[in-house]
Amino acid sequence: MLKGSSVDARSTKREKVIDRLEQNNKQVPSRIPVSEQTPKERVSNFNEVTLGYTAEQAVAEASRCLQCKLAPCIQGCPVGISIPSFIKLIKEGNFRGAINKIKEKNCLPTVCGRVCPQENQCEKLCTLGKKGEPVAIGRLERFVADYERESGKISLPKKKEPTDKKVAVVGSGPAGLTCAGDLAKLGHKVTIFEALHKPGGVLLYGIPEFRLPKAVVESEISYIKKLGVEIKTNMVVGKITTIDELFYEGYDAIFIGVGAGLPRFLKVPGENFNGIYSANEFLTRVNLMKAYLFPKYDTPIKKGENVVVVGGGNVAMDSARTALRLGAKKVYLLYRRAKEDMPARKEEVQHAKEEGIDFRILATPKRFIGIEGRVSAAECVETRLGELDNSGRRKPVIKEGSEFLLAVDVVIVAIGAKANPLLPKATPGLKLYKEGYIATDQNCVTSKEGIFAGGDIVTGSATVISAMGTGRKATLEIDRYLATLK
Ligand code: FAD
Ligand code: SF4
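The model shown is predicted, which means the values in this text are computed figures rather than measured ones.

1. Looking at the nonpolar core
Item 1. Counting 72 residues, the largest nonpolar core has I83, F86, I87, I90, L140 and I478 as the members making the most contacts within it.
Item 2. At eight residues, helix α19 (residues 464-484) tops the list of elements feeding residues into this core.
Item 3. Viewed by domain, this core spans two of them, domain 1 (16-151) and domain 2 (166-261 + 419-483), each represented by three or more residues.
Item 4. Residues within four places of I83 in sequence aside, it is in contact with C73, I74, C77, C122 and I137.

Structural data, given as structure tokens:
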């Protein structure tokens, strides 16, 4: 029999299992719901919103899995976790076995279980999703990862014998951490160079505490350190040292994972008034530098009463919900396209709505008005959807005469980010493309010998798991490259 036809036969069989369940009035069982803080409770604190499964709930949810032979869910996972195997171990109550299975492919499971867009990846392809709700793969991943973290007994994988090769990893976001951890497992000596005073990248300075607690990120970083990775902070590569100097210092290969953290602005009049922040600055001040605890922490931030956030992605949702938790009475979210075009995760949009964020869809600021240098109002316009643009979405077109005013004292611009030119400028010979992203082949190899790159600095702003996927791919290529050196 042809391979394709056996595949078809098996998926038909799976469909039949579901059909039979339905015919016997045994509906595809619903997902086990997860506890959350109520919207009223959570808007006044920075604690995590979603509380996670208990052991009983996790076992019950794992029992919904059909253990499909073809496991379409795995095809949706950018790092290829053996999903049915870890779910089976949870069903059997073997939580430690389950986390070890995940860690064969993913070194940041507590992070991924919380922030990965599973609804567009593994869960999107889950067989159960065809007739009902897919298995809550992300929540199960989070459950076992938290189980291990809370037990305090973190198991370390077997490392290969030490080699005499040294690798420098620039940037400690998910791409850099994954590459560093995987290279350390292969026996190489790895040092991460991080520009900020703490490692973690966007996981630490971007995604807020109420979605991804800092303690969770710190425990993942401590795991990477336990694998033998050294982390040097306050090291801006391109300024304090350069890529060429790192080679001179004896590194055999270098991985660049510096993200794409340079904010984009609206370029409308009045955007320089005080009280207008890029989302990057706003979230970094609050998350990394604990501005919400001022004056205990000496990072000031303007806590607006009336706040406008511009954008429709996760960054915009995080900014709006953070502003609310800082004490804003009213937070508007302006998005110039249709609701269905919003790139944010559905769950985040839902949470933002429940918390009372005022969504103004099909609208955008035209200019900002200020008093004595401080923003006092946003003049906005309505938009309508025109022809398709390069992104495949319908282009927003301004509706003439639709101006309206919003009184505001803080504005947060969350319309995307781009590559920071600092490191590429200081690295002659490194080929770039588009707006300054680093050009690589499909295996993360750059135009300069011994230099590899991955994550947002190559793909443009993407996701945690896709950055990790490139970090993993780069590891294999770096390992191959190191083997060619004397
Ligand atoms: P980063 O995480 O950006 O890390 C790069 C690191 O390099 C940083 O620590 C930076 O300080 C350091 N660096 C930069 N320049 C230098 C230099 N010259 N020398 C040394 N170090 C340097 N994705 C999801 O999947 N789910 C989400 O829910 C989600 N929410 C998000 C919310 C926010 C607010 C933001 C900003 C992003 C979100 N993302 C989300 C996207 C995701 O976080 C990124 O795609 C991912 O972090 C990219 O990883 P990276 O390793 O390429 O870069
Ligand atoms: Fe099948 Fe979904 Fe279980 Fe994957 S998670 S094995 S797709 S039922």
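2. Quick word on the sheet that holds strand β7 (residues 306-310)
Item 1. With respect to topology, five strands assemble into an open sheet ordered β6-β14-β7-β8-β9, the strand pairing being parallel. Both edges of this open sheet fall to β6 (276-278) and β9 (358-361), since each of them pairs with a single strand only. Geometrically, the sheet is characterised by an average inter-axis angle of 20° between neighbouring strands, direction not taken into account.
Item 2. Against the sheet, helix α14 (residues 279-288) touches β6 and β14 (410-413), its axis set at about 85° to β6.
Item 3. Packing of helix α15 (residues 314-325) onto the sheet brings it into contact with β7, β8 (330-335), β9 and β14, and relative to β8 it is tilted by some 170°.

3. Details of the packing of aromatic side chains
One pair of aromatic rings is described through two measures. These are the centre distance and the angle between the planes.
Item 1. Evaluation of the coordinates by the stated rule reveals eight aromatic pairs.
Item 2. Seen from their ring centres, F452 and Y481 are 5.7 Å apart, and the 65° between their planes marks the pair as edge-to-face. Of this pair, F452 sits in strand β18 (residues 451-453) while Y481 sits in helix α19, and the two are 29 residues apart along the sequence.
Item 3. We classify F452 as buried; its relative accessible area is 3%.
Item 4. Members of the aromatic cluster, connected to one another through ring pairs, are F95, F143 and Y147.
Item 5. Over the ring of F210 we find R325, and its NZ or CZ is 3.9 Å from the ring centre.
Item 6. Over the ring of F359 we find K353, and its NZ or CZ is 5.4 Å from the ring centre.

Procedures and definitions
- Residues numbered from 1 in each chain as written.
- Chains lettered and ligands numbered in written order.
- Predicted model: local features only at pLDDT ≥ 70, side-chain atom pairs only at ≥ 80, totals over all residues.
- Heavy atoms only, no water.
- Core = buried A, V, L, I, M, F, W, Y, C linked by side-chain atoms within 4.5 Å.
- Buried < 20%, exposed > 50% of the residue type's maximum accessible area, 1.4 Å probe, protein only.
- Helix = DSSP H or I, 4+ residues; strand = E, 2+ residues; numbered from the N terminus.
- Domains from an automatic or database assignment.
- Contact = heavy atoms within 4.5 Å.
- Pairing = 2+ DSSP bridges.
- Axes fitted to C-alpha atoms, helices over the stretch in contact; angles between N-to-C directions.
- Phe/Tyr/Trp six-rings, centres within 6.5 Å; stacked < 30°, edge-to-face > 60°.
- Lys NZ or Arg CZ within 6 Å of the ring centre and 35° of its normal.

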